[in-house]
Each structure stands twice: as C-alpha cells, then as structure tokens.
Amino acid sequence: MLNEKIKVNNRSYNVSLNDQTQMYAMKLRRLYQQSYSDVDSFDEVSSEISSTINNLLKHAVSPEVREDDMDGVIQQLLKMYEKAAKK
C-alpha cells in the first residue's frame, strides 16, 4: 500500500493506493485510451470514466476532493499509480 500527501490548488489531500484503488486507476487508464481510439462509443465510455473516477476518489483520497481540484488530483493519482506499477 502506498500513502502520500499531495497538494492541489494549495489544498492538501491524503492519497492511499491499495489493491482496490490501483485497480480503479488501471481501469481509468484503459478507459482513457479506449475513449481516444473508439470515438463511436464515446458516450458509453465517458459514463464509465465518470463512474470509475468517482469510485477512485471515494476510496483513495481524503478529504473529499473539491470539484475545481478534481483534474489535478486525478493526474497526480495516475502518476502515483504508474510509479507504483513500475516497481
């Protein structure tokens, strides 16, 4: 399990990557790739991306992420996931 503090827009968040949250991060990466390659199913993939993001933020980040911080938090989460996956 990986625990880290991140800062987005001068707000601090605690991030915990365990097996479950890493699974959500991996799924999110795949969905992003799929959305770029399969434009025809964009609406369906977009809905799945939103659901996966909500699950990831709910289980991996505290306190609750403010909407204007969401993009930055997700980017840092995915970087943490990629770094952990390389080890």
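Structural data are supplied above this passage.
The rules behind the values
- Residues numbered from 1 in each chain as written.
- Predicted model: local features only at pLDDT ≥ 70, side-chain atom pairs only at ≥ 80, totals over all residues.
- Heavy atoms only, no water.
- Salt bridge = Lys/Arg side-chain N within 4 Å of Asp/Glu carboxyl O.
- Helix = DSSP H or I, 4+ residues; strand = E, 2+ residues; numbered from the N terminus.
- Buried < 20%, exposed > 50% of the residue type's maximum accessible area, 1.4 Å probe, protein only.
- Core = buried A, V, L, I, M, F, W, Y, C linked by side-chain atoms within 4.5 Å.
- Contact = heavy atoms within 4.5 Å.
- Pairing = 2+ DSSP bridges.

What follows deals with the pattern of salt bridges. In the structure shown here, the tally under the stated rule is 4 salt bridges. Here Asp69 and Arg11 are joined by a salt bridge, their closest N and O atoms 2.6 Å apart. With Asp69 in the loop between strand 3 (61-62) and helix 3 (70-86) and Arg11 in strand 2 (residues 11-17), the pair connects residues that are 58 residues apart, well separated along the chain. On the basis of relative accessible area, Arg11 is assigned to the partly exposed category, the value being 22%. Where Lys27 meets Glu48, a salt bridge forms, and the shortest distance between an N and an O atom there is 2.6 Å.

This brings us to the nonpolar core. Within the largest apolar cluster, 23 residues are counted, with the highest numbers of intra-cluster contacts made by Leu57, Val61, Val73 and Leu77. Of all elements in the fold, only strand 1 (2-8), strand 2, helix 1 (19-37), helix 2 (42-60) and helix 3 reach the threshold of two or more residues within this core. Residues in contact with Leu77, not counting those within four places in the same chain, are Val15, Leu17, Leu56, Leu57, Ala60 and Val61.

Note that strand 1 and strand 2 share 7 bridges and pair antiparallel. Paired with Glu4 across the two strands is Val15, which belongs to strand 2. Where strand 1 folds back onto strand 2 in an antiparallel hairpin, the turn is made up of 2 residues, including Asn9, whose phi is positive at roughly 50°. Bridge analysis of strand 2 against strand 3 gives 2 bridges, and the strand direction is antiparallel. Counterpart to Asn14 in the pairing with strand 3 is Ser62.

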